[in-house]
Amino acid sequence: MSAKADALLVALMALTVHQTMGAPQAKRSDDVQPVEVVQNMANQVATLEAKVAAVQDNLRQLQETESHKVAFTASILEHDIIASPGHVIPFSRVVTNAGNAYDANTSAFTAPFDGQYMFFVSIDVTPTYKCFNILRNGRVVIPGHNDAGDHHIVAGGVITLRAGDEVTVNHDPAAVGAVDGGHEAIFTGFNI
């Protein structure tokens, strides 16, 4: 090799060494710095923690909703219950009692929490039996009438209750005749 070629080769090698060791290099997109790795992992952990918190909140809400489910259905065991004016009609056979808010011994529903509740009553009666009432804390809220001398009365509706309010189905104070019991005579209610 000539002296000129040798000098050019040495200059090229020096330039290469200077570029790889001495001068700052441009950052490549695939270069990852340890600080960036740690920061990315911290961000991922924070994101996962937020997702876990959201899932836990949803679970808590579902559990709360589930604990607020109240529903019951009860029927009358006896047949031909003679109207006893103003007294509670005995719906003593419990079909379902989710939330245990219905008492078969007193035939009363007691609201476990504030809210709106749907109630429905369906009974067969003698033609002379004219009326029963759905009561909240002893006061008529929804009457069930037999105006045409039919053998069946149906009544129902939504009642706003406070925790501890009691709902019963009573013979009207002027009731005469009889209620025909059996599995088709029902008192049912649930929160909405």
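Refer to the structure above for everything that follows.
Below you will find a few notes about this structure. Please read all numbers here as calculations on a predicted model, not as lab measurements.

## Concerning the overall build of the protein
Then step 1. Regarding its fold elements, the protein presents 2 helices and 12 strands.
Then step 2. The linear arrangement of helices and strands in the protein, starting from the amino end, is α-α-β-β-β-β-β-β-β-β-β-β-β-β.
Then step 3. Buried positions account for 28% of the 192 residues belonging to the protein.
Then step 4. Summarising the internal contacts of the protein: among those between residues at least 6 apart in sequence, 72% fall at separations of at least 24.
Then step 5. Looking at the protein as shown, the accessible area adds up to about 12000 Å², and 59% of this sits on carbon and sulfur atoms.

## Points about the nonpolar core
Then step 1. In this structure, F91, F109, F119, I123, Y129, F132 and F187 are the most contacted members of the largest nonpolar core, which totals 32 residues.
Then step 2. Listed by contribution, the elements that provide at least two residues to this core are β1 (71-76), β6 (115-125), β7 (131-136), β9 (152-161), β10 (166-171) and β12 (182-191).
Then step 3. If you tally residues by element for this core, the top one is β6, at 5 residues.
Then step 4. Ignoring sequence-local partners within four residues, the contact set of F132 consists of I89, V121, I123, P143, G144, I153, A155, V169, N170 and D172.

## Quick look at the sheet that holds strand β4 (residues 102-103)
Then step 1. Spatially, β4-β5-β10-β7-β8 is the arrangement adopted by the 5 strands of the open sheet, whose pairing is antiparallel. Whereas interior strands pair on both sides, the edge strands pair on one side only; in this sheet they are β4 and β8 (139-145).

## Description of unusual backbone geometry
Then step 1. Phi is positive for D80, close to 50 degrees, though the residue is something other than glycine.
Then step 2. Here D80 lies in the loop between β1 and β2 (81-82).
Then step 3. Its relative accessible area of 51% is what places D80 among the exposed residues.
Then step 4. If you check the backbone angles, N137 has positive phi at about 50 degrees while not being a glycine.
Then step 5. Within the element layout of this structure, N137 appears in the loop between β7 and β8.
Then step 6. The class of N137 is partly exposed, set by a relative accessible area of 46%.

## Some details on the pattern of salt bridges
Then step 1. Scanning the entire structure with this criterion turns up 2 salt bridges.
Then step 2. Between R162 and D114 there is a salt bridge, with the nearest N and O atoms lying 3.5 Å from each other. A residue pair is termed long-range when its members are at least 10 positions apart, and R162 in the loop between β9 and β10 and D114 in the loop between β5 (108-110) and β6 qualify at 48 residues.
Then step 3. Its relative accessible area of 44% is what places D114 among the partly exposed residues.

## Structural notes on the pairing of β10
Then step 1. Along β10, 5 of the 6 residues are buried, which leaves the element largely enclosed by surrounding structure.
Then step 2. In the sheet, β5 pairs with β10 via 2 bridges, with the strands oriented antiparallel. Its bridge partner being in β10, T110 is matched across the sheet by E166.
Then step 3. As paired elements, β7 and β10 share 5 bridges and run antiparallel to each other. When the bridges of β10 are listed, F132 appears paired with H171.

## As for the side chain of D165
Then step 1. Note on placement: D165 falls in the loop between β9 and β10.
Then step 2. Within polar-contact distance, the side chain of D165 engages the side chain of N137 at 2.9 Å.
Then step 3. Ignoring any residue separated from it by four or fewer positions in sequence, one finds D165 in contact with F109, T110, A111, R136 and N137.

Calculation criteria
Residues numbered from 1 in each chain as written. Predicted model: local features only at pLDDT ≥ 70, side-chain atom pairs only at ≥ 80, totals over all residues. Heavy atoms only, no water. Helix = DSSP H or I, 4+ residues; strand = E, 2+ residues; numbered from the N terminus. Buried < 20%, exposed > 50% of the residue type's maximum accessible area, 1.4 Å probe, protein only. Contact = heavy atoms within 4.5 Å. Areas by Shrake-Rupley, 256 points an atom, 1.4 Å probe, with all protein chains shown as cover. Core = buried A, V, L, I, M, F, W, Y, C linked by side-chain atoms within 4.5 Å. Pairing = 2+ DSSP bridges. Salt bridge = Lys/Arg side-chain N within 4 Å of Asp/Glu carboxyl O. Polar contact = N/O pair within 3.5 Å; in protein donor to acceptor, adjacent residues only side chain to side chain.

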